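Secondary and tertiary structure notes
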Amino acid sequence: MRRLVAGTLAAGALALSLTGCGESVEPIERLGRKTTQEPSQTPSASAPVAPPAPGGAGDEAYKKWGLTAPVQYAPKPARKPQLPKAAPGKVPVIDRIPLPAEDKVVFLTFDDGAEKDPEFLKMAADLKLPISMFLTDSVASSDYGHFEKLRDNGSASTVNNHTLTHPNLRTLSFEAQKKEICGQQDKLEKRFGQRPPLFRPPFGNYNDDTLRAASECGVSSILLWRVSMQINNFQYAQGSALQPGDIVLAHFRGPSELKGATEIQMTTRMLQRIQEQGYKIGRLEDYL
């Protein structure tokens, strides 16, 4: 019962962070835009594994991308935090990394994969942004090479699972959920050479069947969030400011979804908001 209540509360908070108000954008999940998958390519499993070091970005890179100070990075922790455990046959659900109040670190995650801006690749490489990507096949597969470049730019970014077609999993049977999750696991493993350990359910919606299906598909953790980036500002599911260990949700979106703003402009504003609140950026996988 406790797990079911937690799932319900998380889904409610996530719905709030997705719908937003005022400046919030239409979720990429509602685009209904399909892409044609390219022929299979030889997978590359040579992704960098070393986390970005503080000051790893070029001294002048931050100015190039509209920032007034260098991006600050958190080093890999000496000891990983205590994370929730899952029941047998299921996977744990994580929506914030438990960190001490003085450990002002947040984590960047980007979802879906509809926007493939080559300038964003330059920005992420220049700043050495450690991004945990959660890709949906129906929108990302037209150019998986774009996300491979993002993964392999020296920032230790990673590719993870966000289903084949981005459905509301809570409306599907166990077998249908398993098809969505395992199917994308298989495609990403074939394309990138590694089976993703992390999964994010579309809209943040999941149920007990999701936890079982993810486990059977080889997922180690379900990753949610407490903070979402809109066009100009953060939207918080709890409180009105960042908290240590927050997992920040952003999307690979372009001007048509950002009311004319670009992916770079949105990301610059996101980094500015993180800096304004005195936070560093950590590599999520180093804490799991």
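Before any of the text, the structure's been laid out above.
Another point: the overall build of the protein. When helices and strands are tallied, the protein shows 8 helices and 10 strands. Across the 288 residues that make up the protein, the buried fraction comes to 53%. Look at the contacts in the protein between residues 6 or more apart in sequence, and 77% of them connect residues 24 or more apart. For the protein, the computed accessible surface area is about 12,100 Å², with 53% contributed by carbon and sulfur atoms.

A word on the environment of A156. Within the secondary structure, A156 sits in the loop between α5 (144-151) and β4 (158-161). For the pair formed by A156 and K128, sequence separation is 28 residues and the distance between their alpha carbons is 8.3 Å.

Another aspect to go through is the packing of aromatic side chains. Within the structure shown, the criterion is met by 7 aromatic pairs. Arranged with centres 4.8 Å apart and planes meeting at 70°, the rings of F107 and Y287 form a pair that is edge-to-face. With a gap of 180 residues between them, F107 in strand β2 (residues 105-112) and Y287 in the segment after β10 (280-282) connect regions that are remote in the sequence. Here F107 and Y287 have matching classes, each one buried. Plain terms: the ring middles of F110 and F252 are 5.2 Å apart, the flat faces sit at 40° to each other, and that makes the pair tilted. One end of the pair, F110, is in strand β2; the other, F252, is in the loop between β9 (247-251) and α8 (263-276), and 142 residues separate them in sequence. Aromatic rings pair up to connect F110, F120, F147 and F252 into one cluster. In this arrangement the basic side chain of R200 is found over the ring face of F134, its NZ or CZ atom lying 4.5 Å from the centre.

Moving on: the pattern of salt bridges. Proximity of charged atoms lets side chains of opposite charge pair with each other. Per the counting criterion, the structure on display carries 16 salt bridges. The salt bridge partner of K90 is D208, with a shortest N-O separation of 2.6 Å. Here the residue K90 occupies a position in the loop between α2 (61-64) and β1 (93-94), and D208 occupies one in helix α7 (residues 208-216), the gap between them amounting to 118 residues. In this structure D208 comes out as partly exposed when scored by relative accessible area, which is 26%.

Another aspect to go through is unusual backbone geometry. Of note, the phi angle at D112 is positive, near 80°, even though the residue is not glycine. Looking at where D112 falls in the secondary structure, it is placed in strand β2. Residue classification places D112 among the buried residues on the basis of a relative accessible area of 1%. With a phi angle near 55°, K128 is a residue other than glycine that sits in the positive phi range. Topologically, K128 is positioned in the loop between α3 (118-127) and β3 (131-135). A relative accessible area of 23% places K128 in the partly exposed class.

Let us look at α8. Here α8 is 14 residues long and its end C-alpha atoms lie 20 Å apart, about the 20 Å a rise of 1.5 Å per residue gives. The complete set of buried residues in α8 reads E263, I264, M266, T267, T268, M270, L271, R273 and I274. Positioned one or two residues after α8, G278 has a phi angle of 75°, which is positive.

In the structure shown here, the tally under the stated rule is 1 disulfide. There is a disulfide in this structure between C182 and C217, and the S-S distance comes to 1.8 Å. Where C182 bonds to C217 through sulfur, the torsion about that S-S bond is close to -100°, and the disulfide is left-handed. Of this pair, C182 sits in helix α6 (residues 174-192) while C217 sits in the loop between α7 and β6 (221-223), and the two are 35 residues apart along the sequence. Each member of the pair C182 and C217 is classed as buried.

Here we come to the environment of A214. Within the secondary structure, A214 sits in helix α7. When the C-alpha positions of A214 and K178 are compared, they lie 7.0 Å apart, and in sequence the two are 36 residues distant.

Let's shift gears to the side chain of Q185. Here Q185 is to be found in helix α6. Among the polar contacts listed, one links the side chain of Q185 to the backbone oxygen of C217, at a separation of 3.3 Å. Residues in contact with Q185, not counting those within four places in the same chain, are N161, R195, P196, C217, G218 and V219.

Between two packed helices, both the angle of their axes relative to each other and the distance between the axes serve to describe the pair. The geometry of α5 relative to α6 is characterised by a closest axis approach of 11 Å and an angle of 70° between their N-to-C directions. One finds that α5 runs roughly perpendicular with respect to α6. The interaxial crossing formed by α5 with α6 has right-handed handedness. On α6, the residues touching Y144, G145, F147, E148 and R151 of α5 are Q184, L188, R191 and F192. When grouped by side-chain class, the residues that make up the contact of α5 with α6 number 4 nonpolar, 2 polar and 3 charged.

Basis of the calculations
Residues numbered from 1 in each chain as written. Predicted model: local features only at pLDDT ≥ 70, side-chain atom pairs only at ≥ 80, totals over all residues. Heavy atoms only, no water. Helix = DSSP H or I, 4+ residues; strand = E, 2+ residues; numbered from the N terminus. Buried < 20%, exposed > 50% of the residue type's maximum accessible area, 1.4 Å probe, protein only. Contact = heavy atoms within 4.5 Å. Areas by Shrake-Rupley, 256 points an atom, 1.4 Å probe, with all protein chains shown as cover. Phe/Tyr/Trp six-rings, centres within 6.5 Å; stacked < 30°, edge-to-face > 60°. Lys NZ or Arg CZ within 6 Å of the ring centre and 35° of its normal. Salt bridge = Lys/Arg side-chain N within 4 Å of Asp/Glu carboxyl O. Expected span 1.5 Å × (residues − 1). Disulfide = S-S within 2.5 Å. Polar contact = N/O pair within 3.5 Å; in protein donor to acceptor, adjacent residues only side chain to side chain. Axes fitted to C-alpha atoms, helices over the stretch in contact; angles between N-to-C directions. Parallel < 35°, antiparallel > 145°, perpendicular 65-115°, else oblique. Left-handed = near helix turned anticlockwise from the far one by under 90°. Nonpolar A, V, L, I, M, F, W, Y, C, P; charged D, E, K, R; others polar.

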